Amino acid sequence: MRLFVELGYAAAIALVLVSVCGIAQAQTVTDNWRFETGEDGLVKASVYATNKLITGGGALSYSPILTIACRANGEPHWTEWLQLNDAVSASRKITMSVTVDQGSKVDESWSVGPRGRMLVRDGADGIRRLVAANRLQLSWRFGLLAGRGEADFDLAGFGKAVNQVAGSCNTDPP
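Residues numbered from 1 in each chain as written. Predicted model: local features only at pLDDT ≥ 70, side-chain atom pairs only at ≥ 80, totals over all residues. Heavy atoms only, no water.

Regarding the environment of S89
- Along the chain, S89 turns up in the loop between strand 6 (78-83) and strand 7 (93-100).
- Spatially, the C-alpha atoms of S89 and G143 are 5.0 Å apart, while their sequence positions differ by 54 residues. (Helix = DSSP H or I, 4+ residues; strand = E, 2+ residues; numbered from the N terminus.)

Rendered as structure tokens:
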């Protein structure tokens with residue numbers, strides 16, 4: 001009888017551990033994503049780059065932030081942007097080199113946002129290409145003589161993040 005009770009106790013502990021580990025594993029997929037819904041109907045999911053950019057003469061470093069967003073009011077409007085601490089010197093458009101997973105590098109035109117600290121690309125096609133991806137690398141020039149910036153993103157959970165944003169926008173994922 002004692003052996004039966006001990007085996008039952010061990011099985012119960014194993015069941016709890018398996019369920020807790022399963023929950024932890026499921027949560028880690030989207031743990032790196034931050035979700036936000038604004039009063040203006042903008043639903044966002046953001047992730048930090050895995051690398052750091054050096055600023056302030058090398059004294060400070062930061063990780064750029066990639067954000068995908070959908071506007072819930074009216075027709076859903078998908079967009080993605082890269083948030084920087086350092087401004088780029090371009091005023092309207094900038095050429096962004098994009099590499100998805102280990103594919104070839106593609107140059108795209110992105111808009112320069114307020115104070116040059118945000119690089120923006122509108123449209124669902126940019127988000128659609130990342131749904132099945134594991135990694136995104138972005139590269140751009142800060143200015144003519146200022147050098148290049150690079151951001152590397154681990155896209156684990158991207159598909160789930162897109163689905164959550166689309167659900168909040170009451171639309172289909174791109």
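A closer look at the confidence of the model for the chain
- Of all residues in the chain, 78% have pLDDT values of 70 or greater, and the mean over the chain is 82.
- Every residue in residues 7-29 scores below 50 in pLDDT, and together they form three contacts with partners more than four places removed in sequence or on other chains. (pLDDT = per-residue confidence, 0-100. Contact = heavy atoms within 4.5 Å.)

Observations regarding the pattern of salt bridges
- Enumeration according to the criterion identifies eight salt bridges in this entry.
- In this structure, R121 and E80 form a salt bridge, with 3.9 Å as the shortest nitrogen-oxygen distance. Of this pair, R121 sits in strand 9 (residues 118-122) while E80 sits in strand 6, placing them 41 residues apart in sequence. Each member of the pair, R121 as well as E80, is classed as buried.
- Where R129 meets E80, a salt bridge forms, and the shortest distance between an N and an O atom there is 3.5 Å. (Salt bridge = Lys/Arg side-chain N within 4 Å of Asp/Glu carboxyl O. Buried < 20%, exposed > 50% of the residue type's maximum accessible area, 1.4 Å probe, protein only.)

Some words on the pairing of strand 2 (residues 42-48)
- Of all seven residues in strand 2, six are buried; the element is thus mostly enclosed.
- In this sheet, strand 2 lies alongside strand 1 (residues 34-37) in antiparallel orientation, the contact comprising four bridges. By the bridge assignment for strand 2, R34 is matched with S46.
- Count of turn residues in the strand 1/strand 2 antiparallel hairpin: four residues, of which G41 carries a positive phi of about 90 degrees.
- Sheet topology places strand 2 next to strand 5 (residues 65-71); seven bridges connect them, and they run antiparallel. Paired with K44 across the strands is A69, a residue of strand 5. (Pairing = 2+ DSSP bridges.)

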